[in-house]
Each structure stands twice: as structure tokens, then as C-alpha cells.
Amino acid sequence: MRPGAILVAAALATAGCPSPGPAGDAAAGEHDGAGGARVVTGRRQLMGTDFEVSVATAGPEARAREAIEAALDAVAGVERRLSPHLDESDVSRVNAAAGAEPVRVSEETFSLLELSQQISERSAGAFDVTFAALVPVWRALRDQPPRLPTDQEIDAARALVGSRRLVLDRAAMTAYLPERGMALGLGAVGKGHGVDVGAEALIDRGVHDFIVGGGGDLVVRGTKHGTPWRLGIQHPRRRGELLGELTLDRDQAVATSGDYERFVEVGGVRYHHILDPRTGRPSQGCASVTLTGPDAALADALATAVFVLGPAEGMRLVERTPGVEALIVDEQLRVTMSAGLRGRVRLVE
Ligand code: AMP
Ligand code: MG
């Protein structure tokens, strides 16, 4: 089990067991003091990570469980539409038709691609869902022993990256990658969207006090029996330890991007999974970015954008985006926070 921000966050939020059970379906109920008040939690392995739903309720546990299962089912639907590992997903079909023809996609996928293109513009290309052309090149890191791609390999793939070239036609509801070898990857925005969809499923069922989280992205609604939900921020260099605690006093989404969950070290250098499209290489400057915003898809995309931009330029993007706040940990483990987070974060000494 990877100690991502969400798992630690959910553990704090439910004051429950910090090491969730085996992968797959799991569930736990926990009484929370007087009356029938409790936090009911369900988990499922989805979108390549652990999704977790915690509901604070004074009502029947069975009703909460039913809503949690519906939320997790809704996330599974998002996975089927976005996964690059499923041939029939929108993303796989667009990628397979690169250089050949536009492909009709769901309105949901289309809107996510539109959002992604906007965030690319706003971040001067730091966030770019067409980064995926670089993925085959960096698979060399998985060789035994790990290999670094050559400059030529990187440059050739980098020439295929560029969101501006992604053609979106809303009237036809199609997406088109004009050159063979171009590819979409929604890994930096899809989980956030999944979390939003899970949250909507809960709200549709009349559930108003909950946390939905997956892969470092969360939506928080209401309170835990009148007390604000508290989230743990994972320390980027000390596995399983907290860097700080964030108190959320209103409905919010939170996303975390970090270099500590998936990386390979070669020659003492850390090669992580967030690539800077401008260099074609893992970005430099940030160890983790935790960002709050109005919805999780936006927060997810922006957290990745800020991570790639680095601490200084990243914070400037946060400060000029209304409704968004961020805590950035740089590679020297220095912490900076946007003005709106001060007073809501308690750093662990
Ligand atoms: P996150 O944890 O949200 O920052 O997303 C990381 C994932 O986003 C990676 O595993 C890649 O699938 C994808 N990704 C990597 N670099 C970029 C980038 N520059 N723009 C968009 N997506 C990226
Ligand atoms: Mg992201």
C-alpha cells in the first residue's frame, strides 16, 4: 500500500486505522461518540490507485454503504472511459487513430480535454495531456538495469507533444491527434475527475458529509459531525509520516502531486513520473504540491501544472488563479504557502 496523501488524509479524517486492508473491496465502520454518529468507509482499487469514500452519518449504516458502493461504481465508469489500458476507452480510441481520423468521444471526455487544453494554455505548456508521446521513451527506466533514454530519443518524442495541435470539435464531439505517435494521457487530471464523479453520486443520494479520495485527490463536503474534516499532508521524503495537517472548513477539493510515489533512481538521481514537456525530462524544483480548489479535476490538473513549473513560477500561477491555494515543498524541503492557506495548515515540527 502506498502512503499517499489520501490514505493518510482518510486515516486522520476517520481517526481510524492508517493501514487499510488488502487491495480490492474493503469496508470499515466506526462509531464516533454519542448516539448513532459514525464514519462509514469503503475502498476499492480503481484507476490504478486506491479510492476511498468516508461518510459521516447518524443514520443507518446500510444506507451509507449503499451510497458508497454507488460512488465507487461511478468512478469505475470513469475508469472505463479514460483508461489508456482498455482498448475501448475514449482515450485509447483517440490514440489509436492518431494521424488518421477524428474520433467521437463522450461529452464527459470532451469536457475534460477542453479543461486540459485550457490548463495547458494557462501554464504555458507545463501541463499537457499530449505529454504521453514521451511515455514509451521513459519505459527504458523499467529495463533491468534501468536505462536512461538518449537525447535523440527524447527530442524525437518531444516533437510530438503539444496540446495546441489537439483538435477538439464540440459540434461533432470529436477529438483528433493529427500526427501518428501523438498520444493522450489523462493521468494528471482523470483521477481528480473520478473523485468529482464519485462525490456527485453521493450528493445524488442525499449524502452531504463525506470525503471521496483517490491517488492524492479529494473532494470534501460538509463536516465530520459538526467538526471540520482534517487532512494529513504526506511528507515527501519520510514514508508514512506527515508534513502537516490541513483543516477544511468548507466544501473543497484538494489535489497533491509528488515525486515520491513513483520514481527510479539512476546514478543517485531521482527520475519521477511527472515530465516537463519543455525538456522531455522529469521536472525539477518541487518535491510536492498540495493545492485546494473548487473541484478536483481542476485542482488535479493545476497541482501537476504547478509541480512542473517549479516553486516560484508555480506559486505565481496559484496567486493569479481565483479560488485556488497551494502549499509547495521544494526539493530542499522548504515550504511555501499561498496567503489563503495560512492559518489553515499546521506543519509538523
Ligand atoms: P499527478 O499525480 O496528478 O501529478 O499526475 C501524474 C501523472 O500525470 C503521471 O503519472 C502521468 O501519467 C501524467 N503526466 C506526467 N507529466 C505530465 C504533464 N506535464 N502534463 C500532464 N500530465 C502529465
Ligand atoms: Mg494532477
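For the structure, check the block above.
Below you will find a few notes about this structure. (Residues numbered from 1 in each chain as written. Chains lettered and ligands numbered in written order. Predicted model: local features only at pLDDT ≥ 70, side-chain atom pairs only at ≥ 80, totals over all residues. Heavy atoms only, no water.)

Some thoughts on helix α8 (residues 296–309)
Okay, step 1: With 14 residues, α8 should reach 20 Å at 1.5 Å per residue; the first-to-last C-alpha distance of 20 Å fits that figure.
Okay, step 2: For α8, a buried count of 14 out of 14 residues is recorded, marking the element as mostly surrounded by other parts of the structure.
Okay, step 3: Phi turns positive one or two residues past the end of α8, at G310, with a value near 95 degrees. (Helix = DSSP H or I, 4+ residues; strand = E, 2+ residues; numbered from the N terminus. Expected span 1.5 Å × (residues − 1). Buried < 20%, exposed > 50% of the residue type's maximum accessible area, 1.4 Å probe, protein only.)

Remarks on the site of ligand 1
Okay, step 1: Of all residues adjacent to ligand 1, which total 15 residues, the nearest are S257, H273, L275, D300 and T304.
Okay, step 2: In the model, a nitrogen atom of ligand 1 is placed 2.9 Å from a nitrogen or oxygen of the A126 main chain.
Okay, step 3: Note that an oxygen atom of ligand 1 is positioned 2.7 Å from one of the side-chain N or O atoms of T304.
Okay, step 4: The biggest single contributor to the shell around ligand 1 is α8, with 3 residues.
Okay, step 5: A breakdown of the residues in the shell around ligand 1 according to their chemical character gives 8 nonpolar, 4 polar and 3 charged. (Near = heavy atom within 4 Å. Polar contact = N/O pair within 3.5 Å; in protein donor to acceptor, adjacent residues only side chain to side chain. Nonpolar A, V, L, I, M, F, W, Y, C, P; charged D, E, K, R; others polar.)

Side note on the coordination of the magnesium ion (ligand 2)
Octahedral metal centres with six donors ideally show angles of 90 or 180 degrees, and tetrahedral centres with four donors ideally show 109.5 degrees.
Okay, step 1: Surrounding the magnesium ion (ligand 2) are the protein donor atoms A188 (O), D300 (O), D300 (OD) and T304 (OG1), at 1.9 to 2.5 Å.
Okay, step 2: According to the relative accessible area criterion, T304 is buried, its value standing at 9%. (Donors = N, O, S within 2.8 Å, 3.2 Å for Na, K, Ca; no water.)

Let's talk about helix α9 (residues 311–319)
Okay, step 1: All of the buried residues in α9 are G314, M315, L317 and V318. The arc that holds the buried residues of α9, viewed along the axis, is 155 degrees, so those residues lie on one side.
Okay, step 2: Looking at the buried residues of α9, the elements they touch are α4 (107–122), β16 (286–293), α8, β17 (325–330) and β18 (335–337). (Arc of directions from axis to C-beta. Contact = heavy atoms within 4.5 Å.)

Quick notes on the pairing of strand β13 (residues 269–272)
Okay, step 1: Pairing geometry for strand β12 (residues 263–266) and β13, over 4 bridges, is antiparallel. If you follow V266 over to β13, its bridge partner there is V269. (Pairing = 2+ DSSP bridges.)

Remarks on the side chain of H235
Okay, step 1: The residue H235 is located in the loop between β9 (229–234) and β10 (242–248) in this model.
Okay, step 2: Using a relative accessible area of 8% as the deciding quantity, one classes H235 as buried.
Okay, step 3: A polar atom in the side chain of H235 sits 3.1 Å from the backbone nitrogen of R238.
Okay, step 4: In this structure, H235 is in contact with E241, L242, L243 and L333, ignoring residues within four places of it in sequence.

Some points on the packing of α4 against α8
Okay, step 1: One can describe the packing of α4 onto α8 by two numbers: an axis separation of 10 Å at closest approach and a directional angle of 35 degrees. In terms of crossing hand, the pair formed by α4 and α8 is right-handed. Between α4, through L112, L115 and I119, and α8, the contact on the second element is made entirely by A297, L298, A301, L302 and A305.
Okay, step 2: Along the lines of polarity and charge, the residues of the contact of α4 with α8 split into 8 nonpolar, no polar and no charged. (Axes fitted to C-alpha atoms, helices over the stretch in contact; angles between N-to-C directions. Left-handed = near helix turned anticlockwise from the far one by under 90°.)

Things to note about the pairing of strand β8 (residues 217–221)
Okay, step 1: Most of β8 is tucked away, with 4 of its 5 residues classed as buried.
Okay, step 2: Linking strand β7 (residues 210–214) back to β8 in an antiparallel pair, the connection comprises 2 residues, with G215 at a positive phi of about 55 degrees.
Okay, step 3: Taken together, the 4 bridges between β8 and strand β11 (residues 252–258) define a ladder with antiparallel strand orientation. Its bridge partner lying in β11, L218 is registered against V254.

Some remarks on unusual backbone geometry
Okay, step 1: Cis geometry is adopted by the peptide bond preceding P145, which originates at Q144 and carries an omega value of -5 degrees.
Okay, step 2: You can see P145 is positioned in the loop between α5 (135–138) and α6 (151–158).
Okay, step 3: In the Ramachandran plot, H225 falls in the positive-phi region, its phi being about 55 degrees despite a non-glycine side chain.
Okay, step 4: With respect to the helices and strands, the residue H225 is situated in the loop between β8 and β9.
Okay, step 5: Using a relative accessible area of 32% as the deciding quantity, one classes H225 as partly exposed.

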